[in-house]
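# Chain and residue survey
The chain contents come next:
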Amino acid sequence: SAVISQKPSRDICQRGTSLTIQCQVDSQVTMMFWYRQQPGQSLTLIATANQGSEATYESGFVIDKFPISRPNLTFSTLTVSNMSPEDSSIYLCSVEEAGGRLFFGEGSRLTVL
Amino acid sequence: GESVGLHLPTLSVQEGDNSIINCAYSNSASDYFIWYKQESGKGPQFIIDIRSNMDKRQGQRVTVLLNKTVKHLSLQIAATQPGDSAVYFCAENGAGSYQLTFGKGTKLSVIP
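## Remarks on the side chain of Glu 58 of chain A
- Take Glu 58 of chain A: it is sitting in the loop between β6 (56–57) and β7 (68–72).
- Buried and unpaired, Glu 58 of chain A has no salt bridge, with Arg 36 of chain A as the nearest side chain of opposite charge at 12 Å.

Encoded structure:
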């Protein structure tokens, strides 16, 4: 399976600031996704990162809050904007491989004070 | 909307015993199911998957069973080891959708 690297692995941020999370894959992939995992909870899809076009957001998530870039088939970024303590979560990058299997990075653990 | 859920939030088993983690799904159109293992501080790790045209699939020490009649999915772990301690999530990919819907997770604790 593809190797998925996320940066930063964790961060502590101040309320009102923004943080950009990077996801690098070691091979070209068509489908890349960003998930959120709130403390003690399951995974929720934020958006599909589309290469060359605007991301497709799920209900409850908007571009102004979670802008996403996908400049090529191996890289994507997710920005968490104007953060509040409610944004404290693990943010996970994932890629879809042959057969529909979804693989995940190790996640970026964000704490907002 | 449609959802995927789990019967038991926590499960404790003795080392060497077999573990069974259950999952119920409500979308009858779902045709693809995956089990993930998430260890503390790590991302979800793919364990095994199964398509709706099968009712059983085996991997190394793991077996996934699918009962479409009652919309139930289970993960069986043979000879459970301390390294199996983690949270296990089931996920389903509804027919025609590339998106995964995740269940709430079951925490498996292995007693040495």
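So that's the structure; there's more coming.
## Regarding the state of the cysteines
- Tallied over the full model, the rule gives two disulfides over all chains.
- Bridging Cys 23 of chain A to Cys 93 of chain A, the disulfide has an S-S length of 1.9 Å. Handedness here is read from the sign of the S-S torsion; for Cys 23 of chain A and Cys 93 of chain A, about -70°, the answer is left-handed. Of this pair, Cys 23 of chain A sits in strand β3 (residues 19–25) while Cys 93 of chain A sits in strand β9 (residues 89–96), and the two are 70 residues apart along the sequence. For the residue pair Cys 23 of chain A and Cys 93 of chain A, the accessibility class agrees, reading buried in each case.
- With its sulfur 1.9 Å from that of its partner, Cys 23 of chain B forms a disulfide with Cys 90 of chain B. The sign of the 55° torsion about the S-S bond sets the Cys 23 of chain B-Cys 90 of chain B disulfide as right-handed. You can see Cys 23 of chain B sitting in strand β3 (residues 19–25) and its partner Cys 90 of chain B sitting in strand β9 (residues 86–94), a full 67 residues away along the chain.

## Things to note about the pattern of salt bridges
- Applying the stated criterion across every chain, the model contains four salt bridges over all chains.
- Note that Lys 65 of chain A is salt-bridged to Asp 87 of chain A, the shortest N-O span being 2.6 Å. Residue Lys 65 of chain A is located in the loop between β6 and β7, and its partner Asp 87 of chain A is located in the loop between β8 (75–80) and β9; the two are separated by 22 residues in the primary sequence.
- Owing to a relative accessible area of 21%, Lys 65 of chain A belongs among the partly exposed residues under this scheme.
- Here Arg 61 of chain B makes a salt bridge to Asp 84 of chain B, at a shortest N to O gap of 2.9 Å. Of this pair, Arg 61 of chain B sits in the loop between β6 (56–58) and β7 (62–67) while Asp 84 of chain B is found in the loop between β8 (72–77) and β9, placing the two residues 23 residues apart along the sequence.
- With a relative accessible area of 29%, Arg 61 of chain B lands in the partly exposed category.
- By relative accessible area, which is 7% here, Asp 84 of chain B ends up buried.
- Linked through salt bridges whose partners overlap, the residues forming this network are Arg 101 of chain A together with Asp 49 and Arg 57 of chain B.

Scoring rules and cut-offs
- Residue indices begin from 1 for each chain and proceed along its sequence in written order.
- The lettering of chains begins at A and the numbering of ligands begins at 1, in the order of writing.
- Two thresholds apply to this predicted model, a pLDDT of at least 70 for residue-level local features and 80 or more for giving and counting side-chain atom pairs, whereas whole-chain, interface and lining totals are computed over all residues.
- Calculated side-chain values reflect all of the structure's heavy atoms, with hydrogen atoms and water omitted.
- A run of H or I in DSSP becomes a helix once it reaches four residues, and a run of E becomes a strand once it reaches two; helices and strands are each numbered from the N terminus.
- Accessible area is worked out with a 1.4 Å probe on protein chains only. A residue is then buried under 20% of its type maximum, exposed over 50%, and partly exposed in between.
- The charge count includes Lys and Arg as positive and Asp and Glu as negative, but it does not include His or the ends of the chains.
- A pair is scored as a salt bridge if a Lys or Arg side-chain nitrogen falls within 4 Å of a carboxyl oxygen belonging to Asp or Glu.
- Disulfides are defined in this document as cysteine sulfur pairs within 2.5 Å.

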